[in-house]
Amino acid sequence: MPTRLTTGFAASQSIASVIATKMLSHNRSRFFMTIVGIAIAFFLAAAQIGLLVGWINTNSAIINNTGVDIWVTAEQTATFDYGTPIPRHRVQQVASVPGINWAEGMLVGWATWRHPNGKPINVEIVGLDKSLAGKPAQMLAGDPEIIKQPETVIVDELFRDLLGVWEIGDEAEIQGKRVIVGGISQGVRTFTAAPFVFTSIKNAVTYTPFYREDEISYVIARIEAGADIQAVKSRIQREVSNVEVLTTAEFAERSVKYWMLETGVGITVIITGILGLLVGIVIMSQTLFAITQDHLANYATLLALGFHQNTLRLIVLTQSLTLGGLGIAVGAALFAVAAKASARTPIPLETTTAVSVGLILFSLLFCIGASWFSIRAIFKLDPVSVFHG
Amino acid sequence: MKPITKPEPVLVCRGICKSYGSGDIVERVLKRVDLEFSRGQASVLIGPSGSGKTTLLSILGCLLAPTEGELVIGNGMVDFTNKSSLTEVRRQKLGFIFQHAQLLPFMTIQDNLAIIGRNAGMTAADVDQRLDNLLDRLQLKPMRHKLPSQLSGGQRQRVAILRALLHRPSIVLADEPTAALDWNTGKTVVELLLEQARLEQAVLVVVTHDTRMLPLFDRILSIADGILTEQYQTAALENTFYTHS
């Protein structure tokens, strides 16, 4: 007698994977077309989510790059981009609060840049204080210190064409006043379509119509080493009137939430991402169902020959995960190419490890869900049908 | 005629009835079938269309539950309410041959057979050894790596015979295995099936419409209107069970 093994899960899995892969690869054109379909659907979803991640990163980039602990804003400030004027002496008030190590101002306002060809362009002016906290992280040309010079600004390389300035020394106008390009930054994108223009607070006040000379938008501060940030926050809130005190993380989150949720931009992107995944599910569900229908007689034969229903379900699940896994791998490769290509554009596709892993797991889960109809068809199968020719 | 020691039956039907429908419209397809099958015994099941042949074969194959009666395989009574145990019986104790062989079209002959052995709990080494032996016996070695579509109908049925015997079942059930074959090929296939089933000491039950095949079997089971009659036609077999005083 041959040695008998218990037909445990491992044996069933091995049999199921042999049958599943051979069944799939038997019809190669359908196999490849399904993978292409899933890959495109996954890419669509990944691209939408990548766009969202890129936008979130763009949206909170200046806040996070400033390297401070606390932001003091006018009450009800919705986002970094919509700074509301507060008196400049709030800087001294904040600096005098116990636990604060350092404080400066920052001004964010909107103005009209005049392209040399006369075309008006909305720009977002970022006025920096003495230490230049909030300056561009990377410079293509020039030194950030240059903005301390009168009429001098830094623009980003991404918007040189839009703004009509290409190199240091080029001139344009903001609100009818002359500006000179003193430096060119790298990778400072904008979420609002209005390019960022960096300058000193002193210069910025002259370009932004809604600010007086003694006004700024934010007080940015660093706390002393070992100080409790929440305690310092509360102290500022108590001692400085008509302001809101936020940590850097809180302000970044508020800004992101505003653009993503309150403006509907994020919702649209999320919905499009989900639609992409749904398209993938439909493609896979239909293909799996068609494959299962084509092979119902074979499944009935296997049932009659003593294969357990669970083994047959495992075949469908294996097919689903094979198709899904390969489709996702191809889609992820497409995304990587697209992300690389978009890295130096105003609309980058970005991701994080958590987002990538989450999306892949979510997609695989959807792939398993897509096999439900096929598994149902197998569940209803009557093995007696093998005797009917 | 005085009975002597009768071999232990491998397959026993006791009072098997099968009805379809309910209420006023009940069709009784099988009416109290009592049968015993012993090791190495080859029976042929004949009868007109709709007489209940396939129903009986399906019950013997643990694919269909009888309305009444008991089925005993080996030492155990089959529990038709437990799907899992039915699968287990089919997996270990039964071999099937269908009208159209029904090999998986996307797998080679080797793979078609190996999955049956593996599913029955044989090790890969056992499967290989057994396959070598059976492929040799059935002269199928050159076909080993071919797809079913590359084989003739007769060759496919030979593979189906091999598939049915691979895991050493105690019972082999065949549903019109020659229906799709010409007479000569069909006869060769049935002769091969009988030879191999006897060699393996398996109970063989074959459903056929072809009365020319009947002389090849030990016993003829004839079914009409759900009533079964049996006739032994091999003296040697009769003598195995009974002796004249």
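Residues numbered from 1 in each chain as written. Chains lettered and ligands numbered in written order. Predicted model: local features only at pLDDT ≥ 70, side-chain atom pairs only at ≥ 80, totals over all residues. Heavy atoms only, no water.

Observations concerning unusual backbone geometry
Right, on to step 1. The phi dihedral of A:Asn242 falls on the positive side, at around 55 degrees, and the residue is not glycine.
Right, on to step 2. Counting through the fold element by element, A:Asn242 comes out in the loop between α6 (229–239) and β12 (243–247).
Right, on to step 3. Given a relative accessible area of 52%, A:Asn242 falls into the exposed group.
Right, on to step 4. Phi is positive for B:Glu176, which is not a glycine, with a value near 40 degrees.
Right, on to step 5. Here B:Glu176 shows up in the loop between β8 (171–175) and α6 (183–199). (Helix = DSSP H or I, 4+ residues; strand = E, 2+ residues; numbered from the N terminus. Buried < 20%, exposed > 50% of the residue type's maximum accessible area, 1.4 Å probe, protein only.)

Side note on the pattern of salt bridges
Residue and element names in this part refer to chain A.
Right, on to step 1. One pass over the full model with this rule turns up 21 salt bridges over all chains.
Right, on to step 2. A salt bridge links Asp294 to Arg30, with the shortest nitrogen-to-oxygen separation between them at 3.0 Å. With Asp294 in helix α8 (residues 265–294) and Arg30 in helix α2 (residues 28–65), the pair connects residues that are 264 residues apart, well separated along the chain.
Right, on to step 3. Asp214 is the salt-bridge partner of Arg212, the closest N and O atoms lying 3.6 Å from each other.
Right, on to step 4. You can call Arg212 exposed: its relative accessible area is 53%.
Right, on to step 5. A relative accessible area of 40% means that Asp214 is categorised as partly exposed. (Salt bridge = Lys/Arg side-chain N within 4 Å of Asp/Glu carboxyl O.)

Things to note about the sheet that holds β8(B)
Residue and element names in this part refer to chain B.
Right, on to step 1. Judged by pairing direction, the sheet is mixed, and its six strands sit side by side in the order β7-β8-β9-β4-β10-β11 without closing on themselves. A strand with exactly one partner marks an edge of an open sheet, and here the two such strands are β7 (94–97) and β11 (227–232). On average, each strand axis in the sheet is inclined to that of its neighbour by 20 degrees, with strand direction left out of account.
Right, on to step 2. Of the pairings in the sheet, the one linking strand β4 (residues 42–46) to strand β10 (residues 219–224) comprises four bridges and is parallel in character. Its bridge partner being in β10, Ile46 is matched across the sheet by Ser222.
Right, on to step 3. Docked against the sheet, α6 engages β4, β7, β8 and β9 (203–207), running at close to 160 degrees with respect to β9. (Pairing = 2+ DSSP bridges. Axes fitted to C-alpha atoms, helices over the stretch in contact; angles between N-to-C directions. Contact = heavy atoms within 4.5 Å.)

Some words on the interface of chain B and chain A
Right, on to step 1. Facing the 34 residues of chain B at the interface are 29 residues of chain A.
Right, on to step 2. When the two sides are added together, the surface that chain B and chain A hide from each other amounts to roughly 3,100 Å², 63% of it contributed by carbon and sulfur.
Right, on to step 3. Together, B:Leu63, B:Phe106 and B:Asn119 form the three largest contributors to the area buried by chain B at its contact with chain A, with a combined 20%.
Right, on to step 4. Here chain B is connected to chain A by one salt bridge.
Right, on to step 5. B:Asp111 is paired through a salt bridge with A:Lys22; the nearest N and O atoms lie 3.2 Å apart.
Right, on to step 6. Our count for the chain B to chain A interface comes out at six residue pairs in polar contact (both at pLDDT 80 or more).
Right, on to step 7. Residue assignment for the side of chain B that touches chain A shows that the elements contributing at least two residues are α1 (53–60), α2 (83–93) and α3 (109–119) of chain B.
Right, on to step 8. In the side of chain B that touches chain A, the residues fall into 14 nonpolar, twelve polar and eight charged. (Buried area = accessible area lost by both parts, 1.4 Å probe. Polar contact = N/O pair within 3.5 Å; in protein donor to acceptor, adjacent residues only side chain to side chain. Nonpolar A, V, L, I, M, F, W, Y, C, P; charged D, E, K, R; others polar.)

Considering the packing of aromatic side chains
Residue and element names in this part refer to chain A.
Right, on to step 1. Taken as a whole, this structure holds 15 aromatic pairs over all chains when the rule is applied.
Right, on to step 2. Ring geometry for Trp71 against Phe251: centres 5.2 Å apart, planes inclined by 40 degrees, an arrangement best described as tilted. Within this pair, whereas Trp71 is found in strand β1 (residues 70–74), its partner Phe251 is found in helix α7 (residues 248–262), the two being separated by 180 residues in sequence.
Right, on to step 3. Residue class for Trp71 comes out buried when judged on its relative accessible area of 0%.
Right, on to step 4. Aromatic pair Tyr82 and Tyr258: ring centres 6.0 Å apart, planes at 80 degrees, arrangement edge-to-face. Placement of Tyr82 in the loop between β1 and β2 (86–87) and of Tyr258 in helix α7 is noted, with a sequence separation of 176 residues between them.
Right, on to step 5. Judged by relative accessible area, Tyr82 falls into the partly exposed class, the value being 37%.
Right, on to step 6. On the basis of relative accessible area, Tyr258 is assigned to the buried category, the value being 17%.
Right, on to step 7. A network of ring pairs unites the aromatic residues Trp71, Phe80, Tyr218 and Phe251 as a single cluster. (Phe/Tyr/Trp six-rings, centres within 6.5 Å; stacked < 30°, edge-to-face > 60°.)

That's the geometry; what it means functionally is another story.
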